[in-house]
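Spelled out from the first residue to the last, the chains are:
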Number of protein chains: 2
Amino acid sequence: MSCAMNDLYTVNQLAEELGVTPRTLRFYEDKGLLSPNRQGNNRVYDKRDRARMKLILRGKRLGFSLAEIAEYLDLYKIDGNGIEQLRVLLRRVRERRDVLERQREDLEATVAELADIEDQVAAALAERGAAPVEGQGGPG
Amino acid sequence: MSCAMNDLYTVNQLAEELGVTPRTLRFYEDKGLLSPNRQGNNRVYDKRDRARMKLILRGKRLGFSLAEIAEYLDLYKIDGNGIEQLRVLLRRVRERRDVLERQREDLEATVAELADIEDQVAAALAERGAAPVEGQGGPG
DNA sequence: CTGTGCATTTACGTTTACGTCAACGTTACT
DNA sequence: AGTAACGTTGACGTAAACGTAAATGCACAG
(Lines give C-alpha, C1' and ligand atoms only; values in the text may rest on other atoms or scores of the structure.)
Protein backbone atom coordinates (compact mmCIF):
# COMPACT_ATOMS: atom_id res chain seq x y z
CA MET A 1 0.00 0.00 0.00
CA SER A 2 1.07 3.50 -0.69
CA CYS A 3 0.77 4.92 2.84
CA ALA A 4 -1.21 8.02 1.83
CA MET A 5 -1.84 9.57 5.22
CA ASN A 6 -0.55 13.07 4.53
CA ASP A 7 -2.71 14.50 1.75
CA LEU A 8 -0.25 13.37 -0.86
CA TYR A 9 -1.20 12.55 -4.42
CA THR A 10 0.19 10.75 -7.42
CA VAL A 11 -0.18 12.37 -10.83
CA ASN A 12 -3.27 10.38 -11.58
CA GLN A 13 -4.90 11.10 -8.24
CA LEU A 14 -4.34 14.84 -8.36
CA ALA A 15 -5.28 14.97 -12.03
CA GLU A 16 -8.59 13.26 -11.41
CA GLU A 17 -9.35 15.41 -8.40
CA LEU A 18 -8.82 18.58 -10.41
CA GLY A 19 -10.44 17.36 -13.58
CA VAL A 20 -7.34 17.45 -15.75
CA THR A 21 -5.17 14.75 -17.28
CA PRO A 22 -1.81 13.60 -15.89
CA ARG A 23 -0.33 14.87 -19.11
CA THR A 24 -1.40 18.36 -18.12
CA LEU A 25 0.35 18.16 -14.74
CA ARG A 26 3.56 16.97 -16.35
CA PHE A 27 3.25 19.62 -19.02
CA TYR A 28 2.87 22.37 -16.44
CA GLU A 29 5.87 21.02 -14.57
CA ASP A 30 7.81 21.11 -17.80
CA LYS A 31 6.82 24.76 -18.14
CA GLY A 32 8.00 25.50 -14.62
CA LEU A 33 4.54 26.11 -13.20
CA LEU A 34 4.76 23.18 -10.81
CA SER A 35 7.62 21.38 -9.12
CA PRO A 36 6.36 18.49 -7.06
CA ASN A 37 8.68 16.37 -4.95
CA ARG A 38 9.95 13.05 -6.19
CA GLN A 39 9.82 9.73 -4.42
CA GLY A 40 12.46 7.95 -6.38
CA ASN A 41 11.46 8.74 -9.93
CA ASN A 42 7.78 9.31 -9.27
CA ARG A 43 6.05 12.63 -8.70
CA VAL A 44 4.46 13.25 -5.33
CA TYR A 45 2.12 16.23 -5.05
CA ASP A 46 1.29 17.81 -1.70
CA LYS A 47 -1.30 20.34 -0.62
CA ARG A 48 0.79 23.27 -1.72
CA ASP A 49 1.07 21.81 -5.20
CA ARG A 50 -2.66 21.31 -5.21
CA ALA A 51 -3.32 24.90 -4.16
CA ARG A 52 -0.95 26.13 -6.83
CA MET A 53 -2.74 24.06 -9.45
CA LYS A 54 -6.04 25.55 -8.37
CA LEU A 55 -4.60 29.01 -8.93
CA ILE A 56 -3.40 27.94 -12.35
CA LEU A 57 -6.81 26.59 -13.28
CA ARG A 58 -8.47 29.76 -12.12
CA GLY A 59 -6.10 31.74 -14.30
CA LYS A 60 -7.08 29.56 -17.22
CA ARG A 61 -10.77 30.10 -16.60
CA LEU A 62 -10.01 33.81 -16.70
CA GLY A 63 -8.49 33.33 -20.13
CA PHE A 64 -4.83 33.87 -19.29
CA SER A 65 -2.07 32.03 -21.09
CA LEU A 66 0.26 29.76 -19.16
CA ALA A 67 3.02 32.33 -19.58
CA GLU A 68 0.83 34.99 -18.00
CA ILE A 69 -0.15 32.63 -15.22
CA ALA A 70 3.51 31.93 -14.57
CA GLU A 71 4.07 35.65 -14.15
CA TYR A 72 1.07 35.84 -11.90
CA LEU A 73 2.38 33.06 -9.69
CA ASP A 74 5.70 34.83 -9.47
CA LEU A 75 3.89 37.72 -7.86
CA TYR A 76 3.61 35.61 -4.74
CA LYS A 77 7.37 35.37 -4.33
CA ILE A 78 7.73 38.60 -2.43
CA ASP A 79 10.66 37.58 -0.23
CA GLY A 80 14.27 37.94 -1.10
CA ASN A 81 13.79 40.73 -3.60
CA GLY A 82 15.53 44.03 -3.73
CA ILE A 83 13.66 47.28 -3.56
CA GLU A 84 13.82 47.75 -7.31
CA GLN A 85 12.39 44.29 -7.84
CA LEU A 86 9.58 45.12 -5.47
CA ARG A 87 8.78 48.26 -7.40
CA VAL A 88 8.63 46.24 -10.62
CA LEU A 89 6.43 43.73 -8.86
CA LEU A 90 4.09 46.47 -7.72
CA ARG A 91 3.76 47.74 -11.26
CA ARG A 92 2.95 44.31 -12.56
CA VAL A 93 0.37 43.69 -9.90
CA ARG A 94 -1.37 46.90 -10.86
CA GLU A 95 -1.18 46.13 -14.56
CA ARG A 96 -2.77 42.78 -13.98
CA ARG A 97 -5.46 44.34 -11.88
CA ASP A 98 -6.18 46.77 -14.70
CA VAL A 99 -6.59 43.91 -17.14
CA LEU A 100 -9.05 42.32 -14.78
CA GLU A 101 -10.97 45.54 -14.38
CA ARG A 102 -11.39 45.80 -18.13
CA GLN A 103 -12.44 42.19 -18.11
CA ARG A 104 -15.00 42.95 -15.46
CA GLU A 105 -16.54 45.64 -17.65
CA ASP A 106 -16.68 43.28 -20.62
CA LEU A 107 -18.24 40.67 -18.42
CA GLU A 108 -20.93 42.93 -17.06
CA ALA A 109 -21.80 44.24 -20.50
CA THR A 110 -22.11 40.71 -21.80
CA VAL A 111 -24.21 39.53 -18.89
CA ALA A 112 -26.53 42.48 -19.44
CA GLU A 113 -26.91 41.63 -23.11
CA LEU A 114 -27.59 38.03 -22.30
CA ALA A 115 -30.30 39.15 -19.93
CA ASP A 116 -31.80 41.19 -22.78
CA ILE A 117 -31.68 38.26 -25.13
CA GLU A 118 -33.22 36.06 -22.48
CA ASP A 119 -36.11 38.49 -22.15
CA GLN A 120 -36.60 38.64 -25.89
CA VAL A 121 -36.59 34.88 -26.16
CA ALA A 122 -39.06 34.58 -23.33
CA ALA A 123 -41.24 37.17 -25.07
CA ALA A 124 -41.00 35.35 -28.38
CA LEU A 125 -42.02 32.14 -26.63
CA ALA A 126 -44.95 33.84 -24.95
CA GLU A 127 -46.05 35.40 -28.22
CA ARG A 128 -46.36 31.94 -29.65
CA GLY A 129 -48.27 30.79 -26.63
CA ALA A 130 -45.65 28.38 -25.37
CA ALA A 131 -45.44 29.18 -21.70
CA PRO A 132 -48.13 26.90 -20.21
CA VAL A 133 -47.16 24.02 -22.48
CA GLU A 134 -50.69 23.54 -23.82
CA GLY A 135 -52.58 26.81 -24.09
CA GLN A 136 -53.30 27.30 -27.76
CA GLY A 137 -55.18 30.52 -27.36
CA GLY A 138 -52.46 32.94 -28.29
CA PRO A 139 -53.27 36.40 -29.65
CA GLY A 140 -53.16 35.09 -33.17
CA MET B 1 -11.10 59.19 -53.91
CA SER B 2 -13.10 56.37 -52.38
CA CYS B 3 -16.28 58.28 -51.60
CA ALA B 4 -16.47 57.18 -47.92
CA MET B 5 -19.49 59.15 -46.80
CA ASN B 6 -21.50 56.31 -45.26
CA ASP B 7 -19.33 54.89 -42.46
CA LEU B 8 -17.95 52.27 -44.77
CA TYR B 9 -14.53 50.71 -44.35
CA THR B 10 -12.02 48.71 -46.30
CA VAL B 11 -10.30 45.81 -44.57
CA ASN B 12 -7.32 47.91 -43.74
CA GLN B 13 -9.37 50.77 -42.38
CA LEU B 14 -11.55 48.67 -40.13
CA ALA B 15 -8.58 46.61 -39.05
CA GLU B 16 -6.62 49.65 -37.97
CA GLU B 17 -9.59 51.16 -36.21
CA LEU B 18 -10.13 48.03 -34.17
CA GLY B 19 -6.47 47.30 -33.57
CA VAL B 20 -6.34 44.04 -35.48
CA THR B 21 -4.77 43.04 -38.79
CA PRO B 22 -6.61 42.62 -42.10
CA ARG B 23 -5.67 38.97 -41.90
CA THR B 24 -7.78 38.68 -38.77
CA LEU B 25 -10.84 40.12 -40.50
CA ARG B 26 -10.45 37.77 -43.43
CA PHE B 27 -9.88 34.87 -41.08
CA TYR B 28 -13.06 35.61 -39.15
CA GLU B 29 -14.96 35.83 -42.40
CA ASP B 30 -13.55 32.47 -43.37
CA LYS B 31 -14.86 31.11 -40.08
CA GLY B 32 -18.29 32.57 -40.74
CA LEU B 33 -18.09 35.18 -38.00
CA LEU B 34 -18.32 38.06 -40.44
CA SER B 35 -19.82 38.45 -43.90
CA PRO B 36 -19.17 41.93 -45.23
CA ASN B 37 -20.57 43.07 -48.55
CA ARG B 38 -18.46 43.06 -51.66
CA GLN B 39 -17.89 45.88 -54.05
CA GLY B 40 -16.67 43.90 -57.01
CA ASN B 41 -14.08 41.67 -55.43
CA ASN B 42 -13.25 43.89 -52.49
CA ARG B 43 -14.70 43.70 -49.01
CA VAL B 44 -16.76 46.61 -47.75
CA TYR B 45 -17.53 46.72 -44.05
CA ASP B 46 -20.40 48.78 -42.65
CA LYS B 47 -21.41 49.78 -39.12
CA ARG B 48 -23.14 46.51 -38.46
CA ASP B 49 -19.97 44.62 -39.35
CA ARG B 50 -18.04 46.92 -37.08
CA ALA B 51 -20.43 46.36 -34.19
CA ARG B 52 -20.24 42.62 -34.73
CA MET B 53 -16.46 42.76 -34.68
CA LYS B 54 -16.58 44.64 -31.40
CA LEU B 55 -18.69 41.86 -29.93
CA ILE B 56 -16.19 39.33 -31.20
CA LEU B 57 -13.29 41.20 -29.66
CA ARG B 58 -15.08 41.45 -26.36
CA GLY B 59 -15.67 37.74 -26.44
CA LYS B 60 -11.98 37.24 -26.99
CA ARG B 61 -11.07 39.47 -24.07
CA LEU B 62 -13.34 37.27 -21.99
CA GLY B 63 -11.30 34.26 -23.04
CA PHE B 64 -13.82 32.57 -25.34
CA SER B 65 -12.72 30.66 -28.42
CA LEU B 66 -13.92 31.74 -31.83
CA ALA B 67 -16.24 28.74 -31.93
CA GLU B 68 -17.83 29.82 -28.66
CA ILE B 69 -18.10 33.38 -29.89
CA ALA B 70 -19.82 32.12 -33.03
CA GLU B 71 -22.39 30.39 -30.83
CA TYR B 72 -22.77 33.52 -28.80
CA LEU B 73 -23.42 35.60 -31.90
CA ASP B 74 -26.04 33.09 -33.00
CA LEU B 75 -27.94 33.91 -29.85
CA TYR B 76 -28.91 37.19 -31.45
CA LYS B 77 -30.76 35.48 -34.28
CA ILE B 78 -34.02 35.15 -32.46
CA ASP B 79 -36.34 35.52 -35.40
CA GLY B 80 -37.58 32.77 -37.59
CA ASN B 81 -37.12 30.01 -35.04
CA GLY B 82 -39.63 27.48 -33.89
CA ILE B 83 -40.64 27.12 -30.28
CA GLU B 84 -38.32 24.21 -29.70
CA GLN B 85 -35.44 26.21 -31.15
CA LEU B 86 -36.29 29.05 -28.83
CA ARG B 87 -36.23 26.72 -25.84
CA VAL B 88 -32.80 25.48 -26.87
CA LEU B 89 -31.70 29.06 -27.29
CA LEU B 90 -32.94 29.94 -23.83
CA ARG B 91 -30.96 27.06 -22.36
CA ARG B 92 -27.81 28.19 -24.11
CA VAL B 93 -28.20 31.76 -23.01
CA ARG B 94 -28.49 30.59 -19.44
CA GLU B 95 -25.54 28.24 -19.72
CA ARG B 96 -23.42 31.05 -21.04
CA ARG B 97 -24.54 33.32 -18.27
CA ASP B 98 -23.55 30.65 -15.76
CA VAL B 99 -20.09 30.46 -17.25
CA LEU B 100 -19.79 34.19 -16.89
CA GLU B 101 -20.98 34.07 -13.31
CA ARG B 102 -18.27 31.57 -12.45
CA GLN B 103 -15.83 33.80 -14.26
CA ARG B 104 -17.00 36.72 -12.19
CA GLU B 105 -16.25 34.81 -9.00
CA ASP B 106 -12.81 33.87 -10.26
CA LEU B 107 -12.22 37.45 -11.20
CA GLU B 108 -13.22 38.84 -7.85
CA ALA B 109 -11.16 36.30 -5.95
CA THR B 110 -8.14 37.15 -8.07
CA VAL B 111 -8.59 40.89 -7.70
CA ALA B 112 -8.81 40.43 -3.94
CA GLU B 113 -5.60 38.41 -3.90
CA LEU B 114 -3.85 40.99 -6.01
CA ALA B 115 -4.92 43.64 -3.52
CA ASP B 116 -3.39 41.51 -0.75
CA ILE B 117 -0.18 41.11 -2.65
CA GLU B 118 -0.10 44.81 -3.35
CA ASP B 119 -0.39 45.51 0.37
CA GLN B 120 2.36 43.06 1.17
CA VAL B 121 4.64 44.54 -1.43
CA ALA B 122 3.98 48.01 -0.11
CA ALA B 123 4.71 46.76 3.40
CA ALA B 124 7.91 45.09 2.27
CA LEU B 125 8.97 48.32 0.63
CA ALA B 126 8.18 50.29 3.75
CA GLU B 127 10.04 47.81 5.93
CA ARG B 128 13.15 48.46 3.91
CA GLY B 129 12.68 52.16 4.29
CA ALA B 130 11.98 52.83 0.66
CA ALA B 131 9.08 55.18 0.85
CA PRO B 132 10.89 58.43 1.72
CA VAL B 133 13.82 57.35 -0.47
CA GLU B 134 16.47 58.03 2.19
CA GLY B 135 15.40 57.10 5.74
CA GLN B 136 17.89 54.50 7.03
CA GLY B 137 16.48 54.19 10.53
CA GLY B 138 14.52 51.02 10.09
CA PRO B 139 13.73 48.70 13.05
CA GLY B 140 16.80 46.62 12.18
C1' DC C 1 10.68 -14.81 -13.11
C1' DT C 2 6.90 -13.48 -15.63
C1' DG C 3 3.13 -10.85 -15.96
C1' DT C 4 -0.04 -6.69 -14.38
C1' DG C 5 -0.19 -2.05 -13.34
C1' DC C 6 1.25 2.47 -12.59
C1' DA C 7 4.81 5.69 -13.54
C1' DT C 8 8.47 7.87 -16.46
C1' DT C 9 10.66 10.20 -20.56
C1' DT C 10 10.86 11.14 -25.53
C1' DA C 11 8.70 12.47 -29.43
C1' DC C 12 5.56 13.29 -32.92
C1' DG C 13 0.46 14.70 -33.87
C1' DT C 14 -3.42 18.15 -33.40
C1' DT C 15 -6.23 22.20 -32.88
C1' DT C 16 -6.72 27.16 -32.58
C1' DA C 17 -5.69 31.62 -34.18
C1' DC C 18 -3.60 33.83 -36.64
C1' DG C 19 1.46 35.55 -39.31
C1' DT C 20 3.82 35.59 -43.47
C1' DC C 21 4.94 35.28 -47.94
C1' DA C 22 3.73 34.49 -52.97
C1' DA C 23 1.38 35.39 -57.08
C1' DC C 24 -2.00 37.94 -59.02
C1' DG C 25 -5.77 41.65 -60.22
C1' DT C 26 -7.49 46.72 -60.09
C1' DT C 27 -7.27 51.62 -59.85
C1' DA C 28 -4.84 55.85 -60.22
C1' DC C 29 -1.24 58.72 -61.31
C1' DT C 30 2.48 60.12 -64.37
C1' DA D 1 3.38 51.71 -70.59
C1' DG D 2 5.27 51.86 -65.91
C1' DT D 3 4.68 51.57 -61.16
C1' DA D 4 2.97 52.23 -56.71
C1' DA D 5 -0.76 51.45 -53.54
C1' DC D 6 -4.28 48.62 -52.13
C1' DG D 7 -6.93 44.60 -52.68
C1' DT D 8 -7.60 39.45 -53.56
C1' DT D 9 -6.91 34.21 -52.81
C1' DG D 10 -4.13 30.30 -51.65
C1' DA D 11 -0.66 28.05 -49.13
C1' DC D 12 2.63 27.30 -45.80
C1' DG D 13 4.61 28.61 -41.05
C1' DT D 14 4.12 29.09 -36.05
C1' DA D 15 3.19 29.29 -30.95
C1' DA D 16 0.35 27.48 -27.31
C1' DA D 17 -1.60 23.69 -24.95
C1' DC D 18 -2.10 19.76 -24.73
C1' DG D 19 -3.26 14.43 -26.95
C1' DT D 20 -1.38 10.21 -28.10
C1' DA D 21 1.50 6.63 -28.68
C1' DA D 22 6.11 4.16 -27.92
C1' DA D 23 9.73 2.47 -25.28
C1' DT D 24 11.33 1.92 -20.74
C1' DG D 25 11.49 1.31 -15.48
C1' DC D 26 10.02 -0.36 -11.04
C1' DA D 27 7.08 -2.87 -7.67
C1' DC D 28 4.66 -6.45 -6.28
C1' DA D 29 1.31 -10.86 -6.94
C1' DG D 30 1.51 -15.26 -8.27
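Data block above holds the structure.
The rules we used
Within every chain, residues take consecutive numbers counted from 1 along the sequence as written. Whichever chain is written first becomes A and whichever ligand is written first becomes 1, with later ones labelled in order. In view of the model being predicted, local features appear only for residues whose pLDDT reaches at least 70, and side-chain atom pairs are presented and counted only at 80 or more, with totals across whole chains, interfaces and linings using the full set of residues. Excluding hydrogens and water, the side-chain figures rest on all heavy atoms present in the structure. By the convention used here, residues are in contact when the closest approach between their heavy atoms is within 4.5 Å. Here the buried area means the combined drop in accessible surface, using a 1.4 Å probe, for two parts upon being joined, counting both sides. Salt bridge criterion: a side-chain nitrogen from Lys or Arg within 4 Å of a carboxyl oxygen from Asp or Glu. Whenever a nitrogen or oxygen atom comes within 3.5 Å of another N or O atom, the pair is scored as a polar contact, on the condition that within protein one atom can donate a hydrogen and the other can accept it, and that pairs from neighbouring residues in sequence are kept only if both atoms are in side chains. Working definition: helices are DSSP H or I runs of at least four residues, strands are E runs of at least two. Numbering for both runs from the N terminus. Three classes are used: nonpolar for Ala, Val, Leu, Ile, Met, Phe, Trp, Tyr, Cys and Pro, charged for Asp, Glu, Lys and Arg, and polar for all others, with Gly counted as polar. The copies were overlaid by least squares, fitting only the C-alpha atoms of residues that reach a pLDDT of 70 or more in each copy. The rule for a residue being near a molecule or strand is that one of its heavy atoms must lie within 4 Å of it. Aromatic contacts are taken between Phe, Tyr and Trp rings whose centres are within 6.5 Å, Trp giving its six-membered ring; a plane angle under 30 degrees counts as stacked, one over 60 as edge-to-face, and the others as tilted. Only protein chains enter the accessibility calculation, which uses a 1.4 Å probe; a residue is then buried when its area is under 20% of its type maximum, exposed when over 50%, and partly exposed in between. Here, a charge over a ring means that NZ of Lys or CZ of Arg falls within 6 Å of the ring centre while also lying within 35 degrees of the ring normal.

Observations concerning the interface of chain A and chain B
Phase 1 of the analysis: Taken residue by residue, the interface counts 41 residues in chain A and 40 residues in chain B.
Phase 2 of the analysis: Here chain A packs against chain B, burying approximately 4200 Å² in sum over the two surfaces, 67% of which is carbon and sulfur.
Phase 3 of the analysis: Taken as a group, L107, L114 and E118 of chain A account for 15% of the area that chain A buries against chain B, more than any other trio of residues on that side.
Phase 4 of the analysis: At the junction of chain A and chain B, the tally comes to 10 salt bridges.
Phase 5 of the analysis: The salt bridge involving E108 of chain B is made with R104 of chain A; its shortest N-O contact spans 3.7 Å.
Phase 6 of the analysis: Scanning the region where chain A abuts chain B turns up 14 residue pairs in polar contact (both at pLDDT 80 or more).
Phase 7 of the analysis: Mapped onto the side of chain A that touches chain B, the elements with two or more residues apiece are α3 (47-61) and α5 (83-127) of chain A.
Phase 8 of the analysis: Sort the elements by how many residues they give to the side of chain A that touches chain B and α5 of chain A lands first, with 27 residues.
Phase 9 of the analysis: Here the side of chain A that touches chain B is built from residues that sort into 21 nonpolar, seven polar and 13 charged.

Looking at the relation of the copies chain A and chain B
Phase 1 of the analysis: Expressed as a screw transformation, the operator carrying chain A onto chain B has a rotation angle of 180° and an axial translation of 0.0 Å, and the superposed copies differ by an RMSD of 0.1 Å. Overall, the copies show the geometry of a two-fold rotation axis. Closest approach to the rotation axis among the C-alpha atoms of chain A is made by G63 of chain A, whose C-alpha sits 2.1 Å away.
Phase 2 of the analysis: When the interface residues of chain A are mapped onto chain B, 98% of them again lie at the interface, so the same face is used by both copies.

Points about the protein's contact with DNA strand D
Phase 1 of the analysis: If you check the shell around DNA strand D, you find 16 residues, and the closest are T21 and Y28 of chain A together with N12, R26 and R43 of chain B.
Phase 2 of the analysis: Within 4 Å of the protein, the contacting atoms of DNA strand D are 70% sugar and phosphate, with bases supplying the remainder.
Phase 3 of the analysis: Take R23 of chain A: an N or O atom from its side chain is 2.9 Å from a base oxygen of DNA strand D.
Phase 4 of the analysis: Contact between DNA strand D and L66 of chain A: a phosphate oxygen at 2.7 Å from a main-chain N or O atom of the residue.
Phase 5 of the analysis: Within the residue set of the surface near DNA strand D, elements represented by two or more residues are α2 (22-30) of chain A together with α1 (11-18) and β2 (42-44) of chain B.
Phase 6 of the analysis: For the surface near DNA strand D, the element with the highest residue contribution is α2 of chain A, accounting for four residues.

Brief notes about the packing of aromatic side chains
For any pair of aromatic rings, geometry is given as the distance between the ring centres together with the angle between the planes.
Phase 1 of the analysis: Summed over the entire model, instances satisfying the criterion amount to four aromatic pairs over all chains.
Phase 2 of the analysis: Look at F27 of chain B and Y28 of chain B: their rings are 6.2 Å apart centre to centre, the planes differ by 55°, and that puts the pair in the tilted class.
Phase 3 of the analysis: Classification of F27 of chain B by relative accessible area gives partly exposed; the value is 30%.
Phase 4 of the analysis: Taking NZ or CZ as reference, R96 of chain A lies 4.9 Å from the ring centre of F64 of chain A, over its face.

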